[in-house]
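Listed below, chain by chain, are the residues.
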Amino acid sequence: MPHHTAEGPQSAPPLLLGPSLGTSMALWDGVAPELAAAHRVVRWDLPGHGRSPAGLIGPGATVADLAGLVLALADSLGVDRFAYAGVSLGGAVGLHLAAHHPERVTRLAAVCTSAHFGGAEPWRQRAATVRREGLAQFVRAAPQRWFTPGFTVPALVADHLAVDPGAYAACCDALAAYDLRGSLASIAVPTLVLAGREDPATPPAHAREIADAVPGASLMELSDASHLAPAERPAAVAAALRAHFAAPAGAESSDTAARY
Ligand SMILES: O=C(O)CC1=CCC(=O)O1
């Protein structure tokens, strides 16, 4: 089972928060307490990241495998239906869940993510490099992709250093094989798509592609935010998620492209 924590009233509606490649649930540190006033917030770590066992996935893993771990976690907590927000790879898991397990998901927020992370080859190469040499070069390069210039979160950089290389490479395999573009139109859960304006890893065009294809989805672009928007703009992300997860069904509109 993935390592997880839970906060907020036990009887409140469950909200699961997923992290991105190379990060831990600490990505949500500035956001989760804000959401826990109205939700039972469950954060989980990717395999081999944070405190999750590395052996939960192996070579050739898929986003469907990661989604299966999230469903197993929800089952173990006695949670049938849940709201879900995820960043990047964690957001891909959310899109997969909404497309393929809609009976489990009440509302979705897809944060700094994509329906297709730029093709398989770069991810195959990254997986091969990490299996051969470890994570060092990606840990060095990550802050430029994760944060706007001058911003950093030392705890996230430290957690990146501690990620299990085999599990990281398996997550890259999952990204290589992932392409949800053909399923976006089938997503029927109320969806908020959130992008960081300065994100080079999943630029706003990726968010627009999702928002244009998911019926009724809302799109929000955050200024002064790169790939790890929940770490860089926690108050803005918390406010957007609070509003989205509290909104009555039918409140979404694809005509609304908010900018903050
Ligand atoms: O590591 C990166 O390049 C950014 C990223 C892509 C998928 C993910 O979860 O993080």
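Every value quoted in this text rests on a predicted model; they were computed, and no experiment measured them. (Residues numbered from 1 in each chain as written. Predicted model: local features only at pLDDT ≥ 70, side-chain atom pairs only at ≥ 80, totals over all residues. Heavy atoms only, no water.)

Caption draft 1: Seen up close, the UniProt feature "domain: Peptidase S33 tripeptidyl aminopeptidase-like C-terminal" (unreviewed entry) in the chain. Those residues carrying the UniProt feature "domain: Peptidase S33 tripeptidyl aminopeptidase-like C-terminal" (unreviewed entry) are residues 185-246 in this numbering. The distance from the first to the last C-alpha atom of residues 185-246 is 23 Å, and the span holds 44% helix and 18% strand. (UniProt positions renumbered as here; feature names shortened; annotations may be inferred. Helix = DSSP H or I, 4+ residues; strand = E, 2+ residues; numbered from the N terminus.)

Caption draft 2: How the structure looks around the site of the ligand. Surrounding the ligand, one finds Ser 20, Leu 21, Ser 88, Leu 89, Phe 117, Trp 123, Arg 126, Arg 145, Leu 175, Ala 201 and His 227. Between Arg 145 and the ligand, the recorded distance is 2.7 Å, taken from a side-chain N or O atom to an oxygen atom. Within the side chain of His 227, one N or O atom sits 3.4 Å away from an oxygen atom of the ligand. Protein contact buries 97% of the 290 Å² of open area that the ligand shows by itself. Residue composition of the shell around the ligand, by class: six nonpolar, three polar and two charged. (Near = heavy atom within 4 Å. Polar contact = N/O pair within 3.5 Å; in protein donor to acceptor, adjacent residues only side chain to side chain. Areas by Shrake-Rupley, 256 points an atom, 1.4 Å probe, with all protein chains shown as cover. Nonpolar A, V, L, I, M, F, W, Y, C, P; charged D, E, K, R; others polar.)

Caption draft 3: Local environment of the packing of aromatic side chains. Evaluated as defined, the whole model comprises four aromatic pairs. Here the aromatic rings of Phe 117 and Tyr 178 are separated by 5.6 Å at their centres, their planes lie at 45 degrees, and the arrangement is tilted. A residue pair is termed long-range when its members are at least 10 positions apart, and Phe 117 in the loop between strand E5 (105-111) and helix H4 (120-133) and Tyr 178 in the loop between helix H7 (165-177) and strand E6 (191-196) qualify at 61 residues. Per residue, the accessibility class of Phe 117 equals that of Tyr 178, and both read buried. Members of the aromatic cluster, each reached through a chain of ring pairs, are Phe 117, Trp 123 and Tyr 178. (Phe/Tyr/Trp six-rings, centres within 6.5 Å; stacked < 30°, edge-to-face > 60°. Buried < 20%, exposed > 50% of the residue type's maximum accessible area, 1.4 Å probe, protein only.)

Caption draft 4: Spatial organisation of the pairing of E5. Of all the seven residues making up E5, six are buried; the element is thus mostly covered by neighbouring parts of the structure. Between the parallel elements strand E4 (residues 82-87) and E5, the chain passes through helix H3 (residues 89-100) in a crossover that is right-handed. Where E5 lies against E6, four bridges are found, and the strand directions are parallel. Directly across from Leu 108, in E6, lies its bridge partner Thr 191. (Right-handed = clockwise from strand over helix to strand, strands pointing away. Pairing = 2+ DSSP bridges.)

Caption draft 5: Summary view of the nonpolar core. Counting residues in each nonpolar core, the largest one holds 58 residues, and the members touching the most others are Phe 82, Tyr 84, Val 93, Leu 95, Leu 97 and Ile 187. When residues no more than four places from it in sequence are discounted, the contact partners of Leu 97 are Ala 67, Val 70, Leu 71, Phe 82, Tyr 84, Pro 102 and Val 105. (Core = buried A, V, L, I, M, F, W, Y, C linked by side-chain atoms within 4.5 Å. Contact = heavy atoms within 4.5 Å.)

Caption draft 6: Main features of the packing of H4 against H7. Relative to each other, H4 and H7 sit at 170 degrees, their axes nearing to 8 Å. Between H4 and H7, the angle falls in the class roughly antiparallel. Of the residues in H7, those touching H4 at Ala 120, Trp 123, Arg 124, Arg 126, Ala 127, Val 130 and Arg 131 are Pro 165, Tyr 168, Ala 169, Ala 170, Cys 172, Asp 173, Leu 175 and Ala 176. (Axes fitted to C-alpha atoms, helices over the stretch in contact; angles between N-to-C directions. Parallel < 35°, antiparallel > 145°, perpendicular 65-115°, else oblique.)

Caption draft 7: How the structure looks around the pattern of salt bridges. Under the defined criterion, the tally for this structure stands at eleven salt bridges. Here Glu 34 makes a salt bridge to Arg 242, at a shortest N to O gap of 3.1 Å. One end of the pair, Glu 34, is in helix H1 (residues 32-35); the other, Arg 242, is in helix H10 (residues 234-246), and 208 residues separate them in sequence. Since its relative accessible area comes to 41%, Glu 34 is described here as partly exposed. Of the residues examined, Arg 242 reaches a relative accessible area of 38% and is grouped as partly exposed. A salt bridge links Arg 208 to Glu 221, with the nearest nitrogen and oxygen atoms 3.2 Å apart. (Salt bridge = Lys/Arg side-chain N within 4 Å of Asp/Glu carboxyl O.)

Caption draft 8: Layout of unusual backbone geometry. A positive phi angle, close to 55 degrees, is found at Ser 88, a residue other than glycine. Tracing the sequence through the fold places Ser 88 in the loop between E4 and H3. Here Asp 224, not a glycine, exhibits a phi torsion of approximately 55 degrees, which is positive. With a relative accessible area of 53%, Asp 224 lands in the exposed category.

Caption draft 9: Layout of the side chain of Ser 226. Structurally, Ser 226 is set in the loop between strand E7 (218-222) and helix H9 (229-232). Of the polar contacts made by the side chain of Ser 226, one reaches the backbone oxygen of Arg 145; its length is 3.1 Å. Setting aside anything within four residues of it in sequence, one finds Ser 226 in contact with Cys 112, Arg 145, Trp 146, Phe 147, Thr 148, Gly 196, Glu 198, Asp 199, Pro 200 and Glu 232.

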